[in-house]
Amino acid sequence: MGQGVELRHLRYFVAVAEEGSLTVAAEQRLHTAQPSLSRQIRDLEYEVGVPLLVRSARGVELTDSGRAFLDHARLALVQVEAAIEAARRVAHPAKPSFALGFLTGQEMDWLPEVMRILRDELPNIEVSISSQYSPDLAQALLRGKLDLAFMRPEAGMSDLDYSVIAREALVVVMPGDHRLVSKNAVALQDIADEIFIGMSHTAPTLQVVIDDYLKRSGMDLRPAHRVDNLAMAVSLIASTRGVALLPIYAKNFLPRSVTSRPLEGEAPTIDLVIGYSKTNTSPILGLFLSRVDQLKKRAPQTR
């Protein structure tokens, strides 16, 4: 008789499923020996009663049962992390704390007003601040690592609530000496033959907005490169002399060698939201949400 499924089994299984390789998961992610990891996976399959993984020429692949198990395993690990975080917060209640997250770069526009609101109401509050990709912010909210995040409305996150605070127009970003700099506004057709730089899976919401805009416009712009973040986009624009469609807040980070122009006509927009967990009962969060209208009135120029 087995000892039952333990948390380590779930962590090991998720790591192997996400890496697609026992060797990579063992050496680079879990820092354990591969034979030991293989044994743990076999123990898990014994407890579950069905095969979860099969070896192939490409490494390991999930069975149908494994795919079903993966979603629940991830959820279980998220819930355990949230429970641990909640317990730690209760154990250290002396000073109120509030954990803020920002889509990288947005803190430049929004942090001063956020801090003013918090300091006005709760001068003794301890505020922690981090910046990450939007999907990572969503996961941190679910795990209880963050109370509130300035982010994109990530799809499939039914346990999060969002409030739109700004709609950011997309602009064309290009080298400072590009032939299109002389235009006051750039038509999409003007960049049809340019090196086009797109977004990777780390910015899924922006990727969807751009793809939908191109589809509506009847344009087939295929990215020559895909980037994870604004800094990488700006570097590639400068080095490849390519162009990209980016939210207008990107203008905050452009060096002298890179510039931007509005899109001609009605430009597509992407929502910036504040996101928070529906289960978060923090009174500080409640207070902050009551001041959201004040935050919107002081929003930076986004169109």
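Report follows, based on the coordinates.

### Thoughts on the overall build of the chain
Logical step 1: From N to C terminus, the chain includes ten helices and eleven strands.
Logical step 2: If you line up the chain on its principal axes, its C-alpha atoms span 75 × 55 × 30 Å.
Logical step 3: Put simply, the chain has 303 residues, and 45% of those count as buried.
Logical step 4: Long-range pairs, those at least 24 residues apart, make up 73% of the contacts in the chain with a sequence separation of at least 6.
Logical step 5: The distance from the centre of the 34 positive side-chain charges to the centre of the 36 negative ones in the chain is 3 Å.

### Details of the pattern of salt bridges
Oppositely charged side chains can pair when the atoms bearing their charge come close.
Logical step 1: Under the counting rule described, the total for this entry stands at 14 salt bridges.
Logical step 2: Arg-116 is paired through a salt bridge with Glu-113; the nearest N and O atoms lie 3.1 Å apart. Taken together, the residues span about one helical turn, with Arg-116 and Glu-113 both in helix α5 (residues 107–121) at a distance of three residues.
Logical step 3: Arg-179 is the partner of Glu-194 in a salt bridge, and the nearest nitrogen-oxygen pair spans 2.8 Å.

What counts and how
- By convention here, each chain's residues receive numbers from 1 onward along its written sequence.
- The predicted origin of the model limits local features to residues at a pLDDT of at least 70 and limits the giving and counting of side-chain atom pairs to 80 or more, whereas totals for whole chains, interfaces and linings rest on all residues.
- Excluding hydrogens and water, the side-chain figures rest on all heavy atoms present in the structure.
- Strands are runs of DSSP state E lasting at least two residues, helices are runs of H or I lasting at least four, and both sets are numbered from the N terminus onward.
- Only protein chains enter the accessibility calculation, which uses a 1.4 Å probe; a residue whose area is less than 20% of its type maximum is buried, one above 50% is exposed, and one in between is partly exposed.
- Contacts are assigned to residue pairs with any non-hydrogen atoms lying within 4.5 Å of each other.
- By the counting scheme adopted, Arg and Lys are positive, Glu and Asp are negative, and His together with the chain ends is not counted.
- Where a charge lies is defined by one atom per residue type: Lys uses NZ, Arg uses CZ, Asp uses CG and Glu uses CD.
- Any Lys or Arg side-chain nitrogen located within 4 Å of an Asp or Glu carboxyl oxygen qualifies as a salt bridge.

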